Amino acid sequence: MQKGVNCSSRIAQRALFTPLKACKSVGGFHTPVRETEQPSQTPGASRGHCRGVRTGASLDSDRDPVLTGRSNVRHIKGILPVVYKQRVMDISTKTASEIMFATGNANKLREVVAILEAGRPLPFTVKAANLDLPELQGEPQEIAKEKCRLAAQQVGGAVMVEDTSLCFNAYEGLPGPYIKWFLKALGHEGLPRMLAGFDDKSAYAQCIFAYSPGPGAEPQVFVGRTQGRIVPSRGATAFGWDPVFQPEGFQETYAEMDKTVKNTISHRYRALDKLRDYLLNFSAPE
Ligand SMILES: O=P(O)(O)OP(=O)(O)OP(=O)(O)OC[C@H]1O[C@@H](n2cnc3c(O)ncnc32)[C@H](O)[C@@H]1O
Ligand SMILES: [Mg+2]
């Protein structure tokens, strides 16, 4: 657990998660059922909607997935866009391989593509896998790892996932990994209001990438943090809590700044850069 994050506080979690009652256990974690999920009529959906695969060709940002109940990940490769394709290795000695980036969030995907394209090329092909992964509870690193294990099982190969937290220092790191639900419930006006009674408006954005070379392998995690403060909403509301987070050293919120700037200072950039280093230095494909 990173310093300053106290998301393990059972009391806090219980208090915060009373609305998320419909839980089931996956791999020792409780997985709150998404509030907007509808039971699917499709045969097989009842086996676990958290494992469903979205089959649309595009991803929608910040919308809970519309599940079809289909669980055959072999469909993924055929229908999803190749997001980053560059082979730089000497493939006469090494076989280039493929990593699936499993996410349901189109904005994340866009940023990951932009960050990867702007930096040193990877010796892997990275493709998007539009999986619907459960929203787990627990420590951010454990959430990312478990998400990665589940994704590796679904994909049946190398996979990377990420989980993002927004942590208010006045709240000892909460909402943290539960920011999605806070944003959904309180909106852009409500998040700054949470800090109305506090002098300390400081916060940090945290991104954790988890990478697994395949099912059964222990995922590696890579943490990126950007310090900042929570401010009244300013800028476009296209991506999550961007309008209420002003990174340290900037007068603009994430939402107001140019995307190319965000992608060189963001929590996502910092974590992805570490993953890139790892993949380049320690994990060349056989
Ligand atoms: O399928 P996954 O990858 O899990 O996508 P998600 O949208 O469920 O994402 P998370 O579980 O990581 O939840 C993080 C929440 O924070 C939001 N978010 C993530 N990265 C962000 C960023 O860089 N700026 C603003 N909001 C962000 C995101 O839209 C979610 O509401
Ligand atoms: Mg998620």
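Everything numeric in this text was worked out from a predicted model, so none of it was measured. (Residues numbered from 1 in each chain as written. Chains lettered and ligands numbered in written order. Predicted model: local features only at pLDDT ≥ 70, side-chain atom pairs only at ≥ 80, totals over all residues. Heavy atoms only, no water.)

*Asks:* Provide a residue-level description of the overall build of the protein, including the pertinent values.
*Replies:* Counting its regular elements, the protein contains 7 helices and 10 strands. By the burial criterion, 52% of the 286 residues in the protein qualify as buried. Looking at the protein as shown, the accessible area adds up to about 13200 Å², and 50% of this sits on carbon and sulfur atoms. (Helix = DSSP H or I, 4+ residues; strand = E, 2+ residues; numbered from the N terminus. Buried < 20%, exposed > 50% of the residue type's maximum accessible area, 1.4 Å probe, protein only. Areas by Shrake-Rupley, 256 points an atom, 1.4 Å probe, with all protein chains shown as cover.)

*Asks:* An account of helix 5 (residues 179-193) is requested, with residue identities and associated values reported.
*Replies:* For helix 5, with 15 residues, the first-to-last C-alpha span of 14 Å runs short of the 21 Å given by 1.5 Å per residue. The axis of helix 5 is deflected most strongly, by about 105°, at Gly187. (Expected span 1.5 Å × (residues − 1). Bend = angle between axes of the 7 residues up to and from the residue.)

*Asks:* Can you tell me about the UniProt feature "binding site: Mg(2+)" (unreviewed entry) in the protein, naming the residues and giving the values?
*Replies:* As annotated in UniProt, the feature "binding site: Mg(2+)" (unreviewed entry) corresponds to Glu135 and Asp163 in the numbering used here. The named residues occupy 29 residues along the chain; their greatest pairwise C-alpha distance, 9.4 Å, places them in one compact cluster. Mapped onto the elements of the fold, Glu135 is located in the loop between strand 5 (124-129) and helix 4 (140-155). Taking the relative accessible area as the measure of exposure, Glu135 reaches 13% and is therefore buried. Of the polar contacts made by the side chain of Glu135, one reaches the side chain of Lys180; its length is 3.1 Å. Among the structural elements, Asp163 can be located in strand 6 (residues 159-168). Judged by its relative accessible area of 9%, Asp163 is buried. Those residues in contact with Asp163 that lie beyond four places of it in its chain are Lys108, Ile143, Ala144, Lys147, Pro177, Gln206, Cys207 and Ile208. (UniProt positions renumbered as here; feature names shortened; annotations may be inferred. Polar contact = N/O pair within 3.5 Å; in protein donor to acceptor, adjacent residues only side chain to side chain. Contact = heavy atoms within 4.5 Å.)

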